[in-house]
Amino acid sequence: LLVSEVGAYPLGRSVVGLLDWDPKSYTSLAITANAPWTLRVLDVSSARQVWSTATGTGDDVVVVNAPGSVATVSNHGAGYFSIWSRTASGELDLVASEVGVYWGVVPITAPALLQITSDGAWQIDIG
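Residues numbered from 1 in each chain as written. Predicted model: local features only at pLDDT ≥ 70, side-chain atom pairs only at ≥ 80, totals over all residues. Heavy atoms only, no water.

Visitor: When you look at the overall build of the chain in this model, what are you seeing that I'm missing?
Guide: On a plain count of helices and strands, the chain comes out with 0 helices and 7 strands. Reading the chain from its N terminus to its C terminus gives the helix and strand order β-β-β-β-β-β-β. Here the chain holds 127 residues, and the buried ones make up 36% of them. The contacts in the chain between residues at least 6 apart in sequence include a share of 67% that link residues at least 24 apart. Just so you have it, the chain exposes about 7900 Å², and 57% of that area is on carbon and sulfur atoms. (Helix = DSSP H or I, 4+ residues; strand = E, 2+ residues; numbered from the N terminus. Buried < 20%, exposed > 50% of the residue type's maximum accessible area, 1.4 Å probe, protein only. Contact = heavy atoms within 4.5 Å. Areas by Shrake-Rupley, 256 points an atom, 1.4 Å probe, with all protein chains shown as cover.)

If you want it as structure tokens, here you go:
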């Protein structure tokens, strides 16, 4: 499930195959909507590249290039907030999973590909 939203969904990015890490195995997507929509399929190399700090609003995919083992994370949304991390060695970790406003220090292995789900502004500082 890449996106699940009631009402308008603002612009966002999601990774196909993040949890099973085999995006080439996907041959189709099922979309259910009652209003016009747009889908763009991009290669993971088009993900935003950041170093020690990533900021954004809404769902996004970022590649954190700085090495690190902890991150200070904040979220200013009211809904579900999560960060999935996939390291270069293939390790998958659910770094954060909360509802509403969140602030915390979490273990993280970077560099990594991060999938952020949020309905508000967020920030990740790798330290």
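Having seen the structure, we can now continue with the description.
Visitor: Whenever I open this one, the pattern of salt bridges confuses me. Can you help?
Guide: A pair can form between side chains of opposite charge whenever their charged atoms are brought close. Overall, the coordinates contain 1 salt bridge when judged by the stated rule. Among the salt bridges present, the one from Arg48 reaches Asp60, with a minimum N-O distance of 2.8 Å. Within this pair, whereas Arg48 is found in strand 1 (residues 48–50), its partner Asp60 is found in strand 3 (residues 60–75), the two being separated by 12 residues in sequence. On the basis of relative accessibility, which here comes to 31%, the residue Arg48 falls in the partly exposed class. Judged by relative accessible area, which is 12%, Asp60 ranks as buried. (Salt bridge = Lys/Arg side-chain N within 4 Å of Asp/Glu carboxyl O.)

Visitor: Is there a simple way to think about the side chain of Gln115 in this case?
Guide: Position of Gln115 among the secondary structure elements: in strand 6 (residues 102–117). A polar contact is formed between the side chain of Gln115 and the backbone oxygen of Asp60, at a distance of 3.3 Å. (Polar contact = N/O pair within 3.5 Å; in protein donor to acceptor, adjacent residues only side chain to side chain.)

Visitor: Explanation requested: the packing of aromatic side chains in the structure shown.
Guide: To describe a pair of aromatic rings, one takes the distance between the centres and the angle between the planes. Counting across every chain of the model gives 1 aromatic pair. Taking the centre distance of 6.1 Å and the plane angle of 35° together, the rings of Phe81 and Tyr102 count as tilted. Separated by 21 residues along the polypeptide, Phe81 in strand 4 (residues 80–87) and Tyr102 in strand 6 bring together distant segments of the chain. (Phe/Tyr/Trp six-rings, centres within 6.5 Å; stacked < 30°, edge-to-face > 60°.)

Visitor: Looking at this structure, how should I read the pairing of strand 6?
Guide: A regular strand carries its side chains on alternate faces of the sheet. Across 12 bridges, strand 3 lies against strand 6 in antiparallel orientation. Looking at the pairing, Val70 lines up with Pro107 of strand 6. Relative to strand 6, strand 4 runs antiparallel, the two sharing 6 bridges. Each residue of the ladder has a partner; that of Arg86, found in strand 6, is Leu113. (Pairing = 2+ DSSP bridges.)

Visitor: In this structure, what is going on with unusual backbone geometry? I would like to understand it.
Guide: Apart from glycine, the bulk of residues carry a negative phi angle, and the bulk of peptide bonds sit in the trans form. The peptide bond linking Ala110 to Pro111 adopts the cis configuration, its omega dihedral lying at 15°. Among the structural elements, Pro111 can be located in strand 6.

Visitor: What exactly am I supposed to notice about the pairing of strand 2 (residues 53–57) here?
Guide: Along strand 2, the buried face is formed by Ala54 and Gly56; none of Thr53, Thr55 and Thr57, which line the opposite face, is buried. Summarising the sheet, strand 2 and strand 7 (residues 121–126) pair through 5 bridges and their orientation is antiparallel. Paired with Thr57 across the bridge in strand 7 is Ala121.

Visitor: Got a minute to help me understand a nonpolar patch on the surface in this structure?
Guide: Together, Leu29, Ile31, Trp37, Leu39 and Val41 make up an exposed nonpolar region whose accessible area comes to about 520 Å². Structurally, the position occupied by Trp37 is in the segment before strand 1. (Patch = residues over 30% accessible without salt bridge, like charges linked within 9 Å, V, L, I, M, F, W, Y side chains within 5 Å.)

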